[in-house]
Amino acid sequence: DTEVTQTPKHLVMGMTNKKSLKCEQHMGHRAMYWYKQKAKKPPELMFVYSYEKLSINESVPSRFSPECPNSSLLNLHLHALQPEDSALYLCASSLRDRAEKLFFGSGTQLSVL
Amino acid sequence: DAKTTQPTSMDCAEGRAANLPCNHSTISGNEYVYWYRQIHSQGPQYIIHGLKNNETNEMASLIITEDRKSSTLILPHATLRDTAVYYCIVRPGYSGGSNYKLTFGKGTLLTVNP
């Protein structure tokens, strides 16, 4: 199994809603990543988890709250988002915490109304 | 991290070799060159990486110049399914710690034409 699975694939939410994005991998990888990608732009790193601990936060606003319940799961909790947060949210994993060969999911396309 | 420069877009005929250049003139001795691609509406996909020597796998070949200031990704027989944005990324070599990032630049949009 070399897949990173992200759910949901599409999400529409209002600015007062609370929602969560989910990411799962069963490759035994110990590093997991959240990236944000606006249309026609490259992916931008948000968070890195290394061995289930947050190791990098790229100054992301607190309305985005990551969580790593175990080595296979990564969540991104969303609250009070703004329309400009609409983007494709990508999850990735790698065997070790050295940003080597990353496996990406297909992403969650988020629209904030 | 060393910055990379890639052409904004390139075209290639189906069945021909696609040669994608990347400049990384400020690369350090322990930094690797990685290539990823992103097909429309999908997540990025790892292609290949190298340090000094040329590398080849089932997807592509990577040619790194002797001074390491530039590299070329070669897709030997491009197909329509190779149409994608190709990202060249420089990543530091491991020296301990856990703050390693993969930072994407703007990439090259390769369009393979029938």
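Right, let's walk through the structure included here.

Cut-offs and rules
- Numbers given for residues are sequential positions, taken from 1 along each chain in its written order.
- Lettering of chains starts at A and numbering of ligands starts at 1, both following the order in which they are written.
- This being a predicted model, a pLDDT of at least 70 is required before a residue's local features are given, and a value of 80 or more before pairs of side-chain atoms are given or counted; all residues contribute to the totals for chains, interfaces and linings.
- Side-chain calculation: all heavy atoms of the structure are included, whereas hydrogens and water are not.
- In this description a helix means any DSSP run of H or I spanning at least four residues, a strand means any run of E spanning at least two, and both kinds are numbered starting from the N terminus.
- Here the globule rule is a power law, 2.2 Å times the number of residues to the power 0.38, and the radius of gyration is based on C-alpha atoms.
- For every residue, the accessible area (1.4 Å probe, protein chains only) is compared with the maximum for its type, and the residue is labelled buried under 20%, exposed over 50%, or partly exposed between those bounds.
- Cavities and pockets were defined on a 1 Å grid built over protein atoms only: a cavity is a set of grid points that admits a 1.4 Å probe from which the probe cannot escape, a pocket is an open set flanked by protein on both sides within 12 Å along at least five of seven lines, and lining residues are those with an atom within 4 Å of any such point.
- Grid points are joined across faces, edges and corners, and a volume is the space filled by probe spheres set on the points.
- By the convention adopted, Pro, Cys, Tyr, Trp, Phe, Met, Ile, Leu, Val and Ala count as nonpolar, Lys, Arg, Asp and Glu as charged, and the other residues, Gly among them, as polar.
- In this scheme, strands are said to pair when DSSP sees at least two bridges between them.
- Axis angles are defined between N-to-C directions and span 0 to 180 degrees, where every axis is a line fitted to C-alpha atoms and, for a helix, only to the segment in contact.

Here's the deal with the overall build of chain B
At step 1: Scanning chain B for helices and strands turns up zero helices and nine strands.
At step 2: Written out in order from the N terminus, the α and β elements of chain B read β-β-β-β-β-β-β-β-β.
At step 3: At 14 Å, chain B has a C-alpha radius of gyration in line with the 13 Å of a compact globule built from 114 residues.
At step 4: Here the C-alpha coordinates of chain B stretch approximately 45 × 30 × 25 Å along the principal axes.
At step 5: Out of the 114 residues in chain B, the part that is buried amounts to 42%.

Let's talk about the layout of surface pockets
At step 1: If you add up the space inside the largest pocket, you get close to 940 Å³.
At step 2: Lining of the largest pocket is provided by 31 residues; of these, Gln37(A), Lys40(A), Lys41(A), Gln38(B) and Val85(B) occupy positions nearest its centre.
At step 3: Every element with two or more residues in the lining of the largest pocket is listed here: strand E9 (87-94) of chain A together with strand E8 (84-91) of chain B.
At step 4: Residue contributions to the lining of the largest pocket peak at three residues, all from E8(B).
At step 5: Of the residues contributing to the lining of the largest pocket, the split by class is ten nonpolar, 16 polar and five charged.

Observations concerning the sheet that holds strand E9 (residues 108-113) of chain B
Residue and element names in this part refer to chain B.
At step 1: Ordered in space as E1-E9-E8-E3-E4, the five strands form an open sheet in which the pairing is mixed. Sheet topology places strand E1 (9-13) and strand E4 (45-50) at the edges, where each strand pairs with a single neighbour. Here the strands of the sheet are splayed against their neighbours by 25° on average, with no regard to which way each runs.
At step 2: Where E1 meets E9, five bridges bridge the pair, whose relative direction is parallel. Bridging from a neighbouring strand, Asp11 pairs with Thr111 of E9.

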